[in-house]
2 protein chains.
Amino acid sequence: MALRARALYDFNSENPGEVSVRENEILTLYSEQDIDGWFEGMNSKGERGLFPASYVEILRNDASTYNNNSCNTSGETYPDSRYANVPSGDSSFKPPNKHSYNHLSTTSHRGNTQGKGSATVSRNLNRFSTFVKSGGEAFVLGEASGFVKDGDKICVVMGQYGPEWQENPYPFTCAIDDPTKQTKFKGMKSYISYKLTPTHTQTQVNRRYKHFDWLYARLVEKFPVISVPHIPEKQATGRFEEDFISKRQKGLMWWMNHMTSHPVLARCDVFQHFLTCNSTDEKAWKQGKRKAEKDEMVGANFFLTISTPAAPLDFQEVESKIDGFKTFTKRMDDSTLQLNATVNEFARKQISGFKKEYQRVGFSFKILSQAFEMDQQPYSSRLNQAISFTGDAYEAIGDYFAEQPNKDLDPIMDLLALYQGHLANYPDIIHVQKGALTKVKESQKHVEEGKMDPSQAEGINERCNIISCATLAEIQHFHHIRVRDFKAQMQHHLQQQITFFQKITSKLEEALQKYDNA
Amino acid sequence: MALRARALYDFNSENPGEVSVRENEILTLYSEQDIDGWFEGMNSKGERGLFPASYVEILRNDASTYNNNSCNTSGETYPDSRYANVPSGDSSFKPPNKHSYNHLSTTSHRGNTQGKGSATVSRNLNRFSTFVKSGGEAFVLGEASGFVKDGDKICVVMGQYGPEWQENPYPFTCAIDDPTKQTKFKGMKSYISYKLTPTHTQTQVNRRYKHFDWLYARLVEKFPVISVPHIPEKQATGRFEEDFISKRQKGLMWWMNHMTSHPVLARCDVFQHFLTCNSTDEKAWKQGKRKAEKDEMVGANFFLTISTPAAPLDFQEVESKIDGFKTFTKRMDDSTLQLNATVNEFARKQISGFKKEYQRVGFSFKILSQAFEMDQQPYSSRLNQAISFTGDAYEAIGDYFAEQPNKDLDPIMDLLALYQGHLANYPDIIHVQKGALTKVKESQKHVEEGKMDPSQAEGINERCNIISCATLAEIQHFHHIRVRDFKAQMQHHLQQQITFFQKITSKLEEALQKYDNA
């Protein structure tokens, strides 16, 4: 007879591979042995997958122990044993980067100690859940703590269209120029160095791709609901080829634009260190690097630094906005994917097909003019020259078509690539906010059932408000830069196209003039 | 034992299926029966094929009769019997149209009677040779005769670049409008009627394709060294489809343009009858038709109507010019074929590929704007509209590309089709002139050998001069209209292209403006 278990609580699957179970549902287990706190089995609907081992009790004989919830509403609310199998905070909060691993686990231990009461709201048991990984859960459950310096304060203000990040009072931009090949270890190792010149310091620093990469990892770790722009992809081969370097430079410029445009990212210490630390002062660089890697205000603690508008948000409205944005990102993702494919194909066609067509016509005109030159009629010679010139003009137009995508389609594709990065970030951001909102709902239910102290639920509410404010501010920022970027890019594209067609027209006019005296 | 024969004269094969034979060569005959004046057999080299029956004598026994040329230099030069097997004038001069068949054969009979002496120069025995068919040979041999009325006189004058047709003192053009479907026999038969309005009468006449076809046949028959423009091709099915009618109308307009531009064709009676005869006066039409079909001044006799400049041409110079033109036509033919193929493919690409590419981009922009509309941000709505407009603009540009070939590539193809017709005419025209020149060389040789009276050779010279003048005049005319037509067409094409790209530019500028307040 198969091993059976009864679900003690509702569990809603959040990730592929998990199955939902309802309280008191009888489940079939494939093994008594849990995998990292999860049982593999089948629910009563026949759905197979993982569910938290701590949510079920194994039925060993007919006199199965019914767990009577109503009997166990002690001050501790649930017996600790229920969480015996819960993956520990250490692994739940495993940060993406090893440097901060010990550091963060300390934080969450501290959180565990301080926020014991918050255990009344069920934890997300999928330790790969973004809500958990990002520190969102720990923060909502009140497990995050740290000393927030005034300089670390990040303000969300109420703007015309809802919460928004307080503007950077000292906006700046940063140029990225002259990628140059450098060598070290007596030429044994080569790398490309980029010259960065931020407008607020006007001091040039040199940075390598690996520095961008390091910075990116810090930012992702630090900011749970901020969409950190993706840096251009790594590439193993052809790293020193001109095309690749130029493409990467453009990618880094776009990235830099989005970094400096972001009120929070632009001002954060690690980015400022990256932008301003003298590239020849190895010691200062390493100091800043260590400091960044030891930053306590990352993940769950990042939310501690956020100050919100006085009036709390209406969570129903927040939920509706977030759901609307989720739909929006899906549509935008689909349409940018399609636009990217179309534009890419259009570029390919212009470089190959269009060019070929115009050049073939040009060549045929030239062949005709050469045939005409055989007639030796003096009154024909100017016509022959004009036709030959027309042939050249068409060949030039073919070249114009081939050169054009670099000017107006490639920038569109660069922009789309950057936005595809953002759009890939948003499901996680939304997930964190949704996780927080779920906690609020759970806590409300618990309060209603008298299982939770209203003040605890209030704390969850407040922290969910912080996450919601940050999320909506980030969404607002996204829309603002999206409108700014797409407007600029469409204008640039159209201007380039107009210049392009005017250039063709001029060439044709030049050709037409040749016939005047023919 | 095989039937054998001896060649009486040299015969050089001019066409596939013929074999060359040398005087006194012993030949094998496959049959004693000649086929239309030709024997089938094998020469001493083992080459098989046809040779003129009149050029050989059959060897019936060992005491074969040697024909001693030197013994036969009487006033009649060669015994008549030698030509016993020569294909008769009737078949040699078989005209391309049955109507004029009897008529022309009468002419050549007359020629045979009058120009007996010219038989000293060998005839071209291939009755399919253009030189023979066109009447060129008959004329050169002095066999053509007829009364040339003053009105029929066609003048070749010495122009700046050599002989040219005297200009038409009353130049005119002729519009072809409103092709309309007509029926007769109570709707049993349908046809398309075209309205022709010549500028010199300003009177509209209606003509059908079959009238053009009849006229074309008359012109080809009448003018041996004039390149009669080809009428658009017949088409059995889809005759009443709009595209076909429009295409045919354009073809007929081009044809008409070349007809009215030609100093000789424009003025000839049959063409004038075609242009001016009242379409409702059936009787007058038939009268003119009969008159044209009975015209005696066709083929060989056409040359009688030509008056040349006083100073005869230098035949060496003529030969060099003709050879140059032959090379030219070959090159022009090749290059127009290539241009036609290229332009045709270019048109196809614009109608399908180019259109598709622009419309795909347009569609993707529209999809993007639709995705953006989901954001509901008020500051985004103008951008969304602008992007949507840009999408429409690209779709419109796609349509522009698809519509354009009709305006600037189709006319080029129409022009090329007309010129390909001319280029197909020229080998025959050149053949006639070359045939005449060969006769001159033969006659000179005969005079040198004392076999011909110098006055006869002089006649051949004079007639070859007439043919040469006409041919060079025709070539000059060809070059003139070619330069005129290609100049006009290239200008038209470039103007259309400029307008096209300006239209695209305007559309893009319109789209760009939409972003001004976005």
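Please read all numbers here as calculations on a predicted model, not as lab measurements. (Residues numbered from 1 in each chain as written. Chains lettered and ligands numbered in written order. Predicted model: local features only at pLDDT ≥ 70, side-chain atom pairs only at ≥ 80, totals over all residues. Heavy atoms only, no water.)

Now for the overall build of chain A. Secondary structure summary: chain A contains 12 helices and 11 strands in total. Looking at chain A as a whole, 51% of its 518 residues qualify as buried. For chain A, the exposed area adds up to about 24,000 Å²; of that, 49% sits on carbon and sulfur atoms. (Helix = DSSP H or I, 4+ residues; strand = E, 2+ residues; numbered from the N terminus. Buried < 20%, exposed > 50% of the residue type's maximum accessible area, 1.4 Å probe, protein only. Areas by Shrake-Rupley, 256 points an atom, 1.4 Å probe, with all protein chains shown as cover.)

With an axial shift of 0.6 Å and an RMSD of 0.9 Å, the rotation relating chain A to chain B amounts to 180°. The operation mapping one copy onto its partner corresponds to a two-fold rotation axis. Considering only C-alpha atoms, the part of chain A nearest the rotation axis is Phe501 of chain A, at 2.9 Å. When the interface residues of chain A are mapped onto chain B, 100% of them again lie at the interface, so the same face is used by both copies. (Least-squares fit on C-alpha atoms with pLDDT ≥ 70 in both. Contact = heavy atoms within 4.5 Å.)

Moving on: the pattern of salt bridges. Counted by the stated rule, this structure contains 41 salt bridges over all chains. One salt bridge in this structure joins Asp295 of chain B and Lys222 of chain B, with 2.8 Å as the shortest N-O distance. Linking Asp295 of chain B in the loop between helix H8 (282-293) and strand S11 (306-307) with Lys222 of chain B in helix H5 (residues 209-222), this pair joins segments that are 73 residues apart in sequence. Residue classification places Asp295 of chain B among the partly exposed residues on the basis of a relative accessible area of 21%. The residue Lys291 of chain B makes a salt bridge to Asp269 of chain B at a minimum N-O spacing of 3.8 Å. Here the residue Lys291 of chain B occupies a position in helix H8, and Asp269 of chain B occupies one in helix H7 (residues 269-276), the gap between them amounting to 22 residues. Judged by relative accessible area, which is 53%, Lys291 of chain B ranks as exposed. Salt bridges sharing common partners tie together Glu345, Arg348 and Lys349 of chain A together with Glu357 and Arg360 of chain B. (Salt bridge = Lys/Arg side-chain N within 4 Å of Asp/Glu carboxyl O.)

Turning our attention to the confidence of the model for chain A. Residue and element names in this part refer to chain A. In this model, chain A carries a mean pLDDT of 84, and residues with pLDDT of at least 70 account for 86%. The secondary structure element of chain A with the lowest average pLDDT is helix H2 (residues 101-114), at 31, and the one with the highest is helix H12 (residues 454-513), at 96. Contacts for the low-pLDDT stretch residues 62-120, under 50 throughout, to residues beyond four places or in other chains number 95 contacts. The ipTM, which scores confidence in the relative placement of chains, is 0.76 for this predicted complex, and the corresponding pTM is 0.75. (pLDDT = per-residue confidence, 0-100.)

The subject of this paragraph is the sheet that holds strand S2 (residues 26-29) of chain A. Residue and element names in this part refer to chain A. Pairing in this open sheet of 5 strands is antiparallel, and the strands run S4-S3-S2-S1-S5 from one edge to the other. Edge positions in the open sheet fall to strand S4 (48-52) and strand S5 (56-59), since each of these has one partner strand only. Neighbour-to-neighbour, the strand axes of the sheet open up by a mean angle of 45°, direction not taken into account. As defined by bridge partners, strand S1 (residues 3-7) adjoins S2 across 4 bridges and the pair is classed as antiparallel. Paired with Arg4 across the bridge in S2 is Thr28. (Pairing = 2+ DSSP bridges. Axes fitted to C-alpha atoms, helices over the stretch in contact; angles between N-to-C directions.)

If you walk through the whole model with that rule in mind, you get 0 disulfides over all chains. Looking at Cys277 of chain A, it has no disulfide partner, and the nearest cysteine sulfur is the one in Cys174 of chain A, 14 Å off. (Disulfide = S-S within 2.5 Å.)

Attention now goes to the side chain of Arg482 of chain B. Note on placement: Arg482 of chain B falls in helix H12 (residues 454-513). Not counting residues up to four positions away in its chain, the partners in contact with Arg482 of chain B are Phe372, Asp375 and Ser380 of chain A together with Phe328, Met332, Tyr419 and Lys487 of chain B.

Residues and elements named next belong to chain B. End to end, H5 covers 20 Å across 14 residues, agreeing with the expected 20 Å (1.5 Å per residue, within 8%). Within H5, 10 of the 14 residues are buried, which leaves it mostly tucked inside the rest of the structure. Every buried residue of H5 is listed here: Tyr209, His211, Phe212, Trp214, Leu215, Tyr216, Arg218, Leu219, Glu221 and Lys222. (Expected span 1.5 Å × (residues − 1).)

The next subject is the pairing of strand S6 (residues 154-159) of chain B. Two faces make up the sheet, and in a regular strand the side chains alternate between them. Residue and element names in this part refer to chain B. Two strands pair when backbone bridges link them, and S6 and S11 are joined in this way by 2 bridges, in the parallel orientation. Across the sheet, Cys155 pairs through a bridge with Ser307, a residue of S11. Counting the residues in the hairpin turn of S6 and strand S7 (residues 162-165) gives 2 residues.

On to the interface of chain A and chain B, then. Every contact between the two is made by 63 residues of chain A and, on the other side, 63 residues of chain B. The tally of links between chain A and chain B comes to 4 salt bridges. Here Glu357 of chain A makes a salt bridge to Lys349 of chain B, at a shortest N to O gap of 2.8 Å. Scanning the region where chain A abuts chain B turns up 14 residue pairs in polar contact (both at pLDDT 80 or more). (Polar contact = N/O pair within 3.5 Å; in protein donor to acceptor, adjacent residues only side chain to side chain.)

Turning to the environment of Glu23 of chain A, a few remarks are in order. The topology assignment puts Glu23 of chain A in the loop between S1 and S2. Once the C-alpha coordinates of Glu23 of chain A and Cys155 of chain A are considered, the two residues, 132 residues apart in sequence, prove to be 42 Å apart.

Another point: unusual backbone geometry. Residue and element names in this part refer to chain B. Positive phi values are uncommon outside glycine, yet Asp178 reaches one of about 40°. With respect to the element layout, Asp178 can be found in strand S8 (residues 174-184). Looking at Asp178, the relative accessible area reads 45%, which means it is partly exposed. Here Gln202, not a glycine, exhibits a phi torsion of approximately 55°, which is positive.

Next up on the list: the environment of Phe486 of chain A. Structurally, Phe486 of chain A is set in helix H12. With near-sequence residues (within four places) excluded, Phe486 of chain A lies in contact with Met332, Leu415, Leu416 and Tyr419 of chain A together with Leu368, Phe372 and Leu383 of chain B.

Our next topic: the sheet that holds strand S8 (residues 174-184) of chain A. Residue and element names in this part refer to chain A. The antiparallel open sheet is built from 3 strands, whose spatial order is S8-S9-S10. Every interior strand has two partners, whereas the edge strands, S8 and strand S10 (205-208), have only one. Across the sheet, the mean angle from the axis of one strand to that of its neighbour is 35°, orientation sign disregarded. Pairing geometry for strand S9 (residues 189-198) and S10, over 4 bridges, is antiparallel. What sits directly across from Lys195, in S10, is Asn206.

The next thing to look at is the side chain of Ser335 of chain A. One can find Ser335 of chain A in helix H9 (residues 315-372). Leave out the neighbours within four places in its chain, and Ser335 of chain A touches Ile367, Leu368 and Ala371 of chain B.

Residue and element names in this part refer to chain B. Spanning 39 residues, helix H11 (residues 410-448) covers 57 Å between terminal C-alpha atoms, matching the ideal 57 Å at 1.5 Å per step. At Tyr426, H11 shows its strongest bend, of approximately 25°, with the proline Pro427 following within four residues. Gly450 lies just past H11 and shows a positive phi near 75°. (Bend = angle between axes of the 7 residues up to and from the residue.)

Once that is clear, we can look at the packing of H9 of chain A against helix H9 (residues 315-372) of chain B. Where H9 of chain A contacts H9 of chain B, the axes come no closer than 8 Å and their chain directions differ by 165°. The angle between the axes of H9 of chain A and H9 of chain B places the two elements in the roughly antiparallel class. Crossing geometry of H9 of chain A relative to H9 of chain B is assigned as left-handed. (Parallel < 35°, antiparallel > 145°, perpendicular 65-115°, else oblique. Left-handed = near helix turned anticlockwise from the far one by under 90°.)

Attention now goes to the packing of aromatic side chains. Residues and elements named next belong to chain A. Scanning the entire structure with this criterion turns up 60 aromatic pairs over all chains. Ring geometry for Tyr194 against Phe212: centres 6.4 Å apart, planes inclined by 90°, an arrangement best described as edge-to-face. Pair noted here: Tyr194 is in strand S9 and Phe212 is in helix H5 (residues 209-222), with a separation of 18 residues, a long-range link. Summarising the burial analysis for this pair, Tyr194 and Phe212 share the class buried. (Phe/Tyr/Trp six-rings, centres within 6.5 Å; stacked < 30°, edge-to-face > 60°.)

Moving on, we get to the packing of H9 of chain A against H12 of chain B. Viewed as axis vectors pointing N to C, H9 of chain A and H12 of chain B meet at an angle of 160°, and their least axial separation amounts to 13 Å. Classified by the angle between their axes, H9 of chain A and H12 of chain B sit roughly antiparallel to one another. Relative to H12 of chain B, the crossing made by H9 of chain A is left-handed. Contacts from Tyr358, Phe365, Leu368 and Phe372 of chain A in H9 of chain A reach Arg482, Phe486, Met490, His493 and Phe501 of chain B in H12 of chain B.

Residue and element names in this part refer to chain B. Within the secondary structure, Tyr216 sits in helix H5. For Tyr216 and Lys234, which are 18 residues apart along the polypeptide, the C-alpha to C-alpha distance reads 13 Å. Leave out the neighbours within four places in its chain, and Tyr216 touches Val228, Pro229, His230 and Ile231.

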